[in-house]
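Per-entry structural report
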Amino acid sequence: MKIRNNTIAKVSIYVVGAFFTQGLTFITLPIFSKLMSPADYGLYSSYSFWVAIVGIILGLQMSSSIGNAVIDFGKEKIYTYVSTAIGVGEITFGVLFIITLVFQHPLSNVFEIKEVALLIGVIQSFFIYCLNCMIATLRFIEKPIQYIMLTILNAVVNIGLSIILLYYCICTNLYMGRVFSSLTAAIISGGISILLICKRGHKFFDVSYMKYGLVISIPLIFHSLAGLIFARVDQMILLKTLNSSSAGIYSYSNSIGQIISVIYTAINQAFVPWYYIKMKNGEKDKIIKVGKLYIDFFTVLVIGVMMAIPEVIIHFSDEKYYLAMGIVPILFIAYFINFLYTFPVNYEFYLKKTMYIAGGTIISMFFNLILDILLIPIWGEMGAAFATLISYFLLFLFHFVIAKQLIGEYEFKIGFFIKNIIIVMFFLAVYYFCINRMGLRYMMILGVSIFYIGKYFRKSHSKNKINTTI
């Protein structure tokens, strides 16, 4: 019971922290929309895109190998390993800074931001990389409180300073106010991370650790770049094919749909360290048991939140965004399937099969691009949503086949996943049938909750009965 309560407490901390940082972003959106013009918003978005690209290359994704390093080298040596990851980050930072300095004029034309913003973006990416190394370490050595403190510090400083700089119009170009605040937040949180890592690391740079990490991490560069294109391409095609209004409605729908992504990402941060330990100990029966409970819980959650979408949109949106009521449920199912995809991918990460992870993302990116080109001219925003749903389903199938057939010995069967996909698809159809019947939708939420709670208690009762008999 103590172990179970400890795990639940860690999950709760991650979820609360994720909702705080994500909620802070949503709450302050109206403030930034008043302080910044659409043009400044667009320029800051372009700057963020630049930072995301640089951030994928800088450090060569070595922060992604920290979980494996904890398992292979132990918690007592992890800070030495992370020190090496920081060293790799410093080398790649120097190279990227020089390249940006040499090509800053053409890059400025491509991204339509100031040349100084490009250089600031490289500096910010380095400190974000250091922060990511630290929070990955805290995750896998199971220090959720420190993890949340660092992420909240970064979010609060970034958003708070942005509002101050924009309100007092310190910068001629308003978007530069947000650029400077993002840089400051990254320097503070990333600087703290560097100090903590250097203080605890016994050796600054270890070639054997570097070789170990790069074998795992380099394929993830292509995985992350493909994922970035995957996330952006539908909005760009909507903008070019239809108009900015369609792109805006889809972007708004996607922001709501990502509620599901925020929740499963937060829970996965607690689940993955536990999963790695159980895999190392060969406790696959426990993984299957907890995994099924985890998926059932998430199935109920997705259905419940999906049924409440109309009221959320009506109370928090202007009428011009009401079209999102038809789009968001499809994106919910897409993110639910993306949640299922994390199960075989966690298995691949544990076994260091990152080439497969990169390959799956690249293939699904091309499928998504083709589907967007085919469906958006016909169905507009709904076409983009269905393209995302189909692409995520293909991505899940790809990784399940890899884990089960190519790698082998994967603990889960396809039937369990498909069963839950069919359940949420059924309730998607129910949602559209009951979209104007609030009472019926909420009765569905109650019915599903009672069914799954009853199922859980029946299993617990049967187990206790067997144990009593024995």
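The structure under discussion appears in the preceding block.
Here we summarise the structure given alongside this text. (Residues numbered from 1 in each chain as written. Predicted model: local features only at pLDDT ≥ 70, side-chain atom pairs only at ≥ 80, totals over all residues. Heavy atoms only, no water.)

1. Quick notes on helix 7 (residues 144-167)
Between the first and last C-alpha of helix 7 there are 34 Å, a value that for 24 residues agrees with the 34 Å anticipated at 1.5 Å per step. Buried within helix 7 are the following residues: P144, Y147, I148, L150, T151, A155, N158, I159, S162, L165 and L166. (Helix = DSSP H or I, 4+ residues; strand = E, 2+ residues; numbered from the N terminus. Expected span 1.5 Å × (residues − 1). Buried < 20%, exposed > 50% of the residue type's maximum accessible area, 1.4 Å probe, protein only.)

2. As for the pattern of salt bridges
Any two side chains of opposite charge can pair, on the condition that their charged atoms come close. By the definition in use, this model includes 4 salt bridges. Of the charged contacts in the structure, one is a salt bridge between E283 and K286, with a shortest N-O distance of 4.0 Å. Residue classification places E283 among the partly exposed positions, given a relative accessible area of 25%. Each of K278, E283 and K286 takes part in a single network of salt bridges with overlapping partners. (Salt bridge = Lys/Arg side-chain N within 4 Å of Asp/Glu carboxyl O.)

3. A short note on unusual backbone geometry
Of note in this structure, L60 is not a glycine but carries a positive phi near 55 degrees. Its place among the elements puts L60 in the loop between helix 2 (38-57) and helix 3 (66-73). You can call L60 partly exposed: its relative accessible area is 23%. Even without a glycine there, the phi angle at K352 is positive, about 65 degrees.

4. Regarding the packing of helix 3 against helix 6 (residues 115-140)
Two elements in contact, helix 3 and helix 6, have axes whose closest approach is 9 Å; the angle formed by their N-to-C orientations is 45 degrees. One element, helix 3, and the other, helix 6, form an angle in the oblique class. The handedness of the crossing between helix 3 and helix 6 is right-handed. On the side of helix 3, the interface is formed by I66, G67 and V70, while helix 6 contributes C133, A136, T137 and F140. (Axes fitted to C-alpha atoms, helices over the stretch in contact; angles between N-to-C directions. Parallel < 35°, antiparallel > 145°, perpendicular 65-115°, else oblique. Left-handed = near helix turned anticlockwise from the far one by under 90°. Contact = heavy atoms within 4.5 Å.)

5. With respect to the environment of L101
Along the chain, L101 turns up in helix 4 (residues 78-102). Using a relative accessible area of 41% as the deciding quantity, one classes L101 as partly exposed. C-alpha of L101 to C-alpha of L119: the two residues are 18 residues apart in sequence and 7.1 Å apart in space.

6. Focus on a nonpolar patch on the surface
A cluster of nonpolar side chains, I363, F367, I378, W379, F386, I390 and L394, forms an exposed patch at the surface whose accessible area comes to about 650 Å². Counting residues per element, the ones that place at least two in the nonpolar patch are helix 14 (354-379) and helix 15 (381-407). Within the secondary structure, L394 is located in helix 15. Here L394 falls in the partly exposed class, since its relative accessible area comes to 31%. (Patch = residues over 30% accessible without salt bridge, like charges linked within 9 Å, V, L, I, M, F, W, Y side chains within 5 Å. Areas by Shrake-Rupley, 256 points an atom, 1.4 Å probe, with all protein chains shown as cover.)

7. Notes on the nonpolar core
Proteins that are soluble and globular tend to have nonpolar side chains buried together. Core analysis: the largest hydrophobic core is formed by 125 residues, its most contacted members being I78, Y275, F298, F336, F339, F343 and F417. Residue contributions to this core peak at 20 residues, all from helix 13 (residues 324-350). Not counting residues within four places of it along the chain, the set of residues in contact with F343 comprises F271, G291, Y294, I295, Y410, F412 and F417. (Core = buried A, V, L, I, M, F, W, Y, C linked by side-chain atoms within 4.5 Å.)

8. Examining the packing of aromatic side chains
Each pair of aromatic rings is reported with the distance of its centres and the angle of its planes. Scanning the entire structure with this criterion turns up 36 aromatic pairs. Ring centres 5.8 Å apart and planes at 45 degrees place the aromatic pair F93 and F97 in the tilted group. Residue F93 and its partner F97 are located together in helix 4, separated by 4 residues, close to a single helical turn. We classify F93 as partly exposed; its relative accessible area is 22%. Where F396 meets F400, the ring centres are 6.2 Å apart and the plane angle is 40 degrees; that geometry is what we call tilted. Of this pair, F396 and F400 both sit in helix 15, 4 residues apart, roughly one helical turn. On the basis of relative accessibility, which here comes to 0%, the residue F396 falls in the buried class. (Phe/Tyr/Trp six-rings, centres within 6.5 Å; stacked < 30°, edge-to-face > 60°.)

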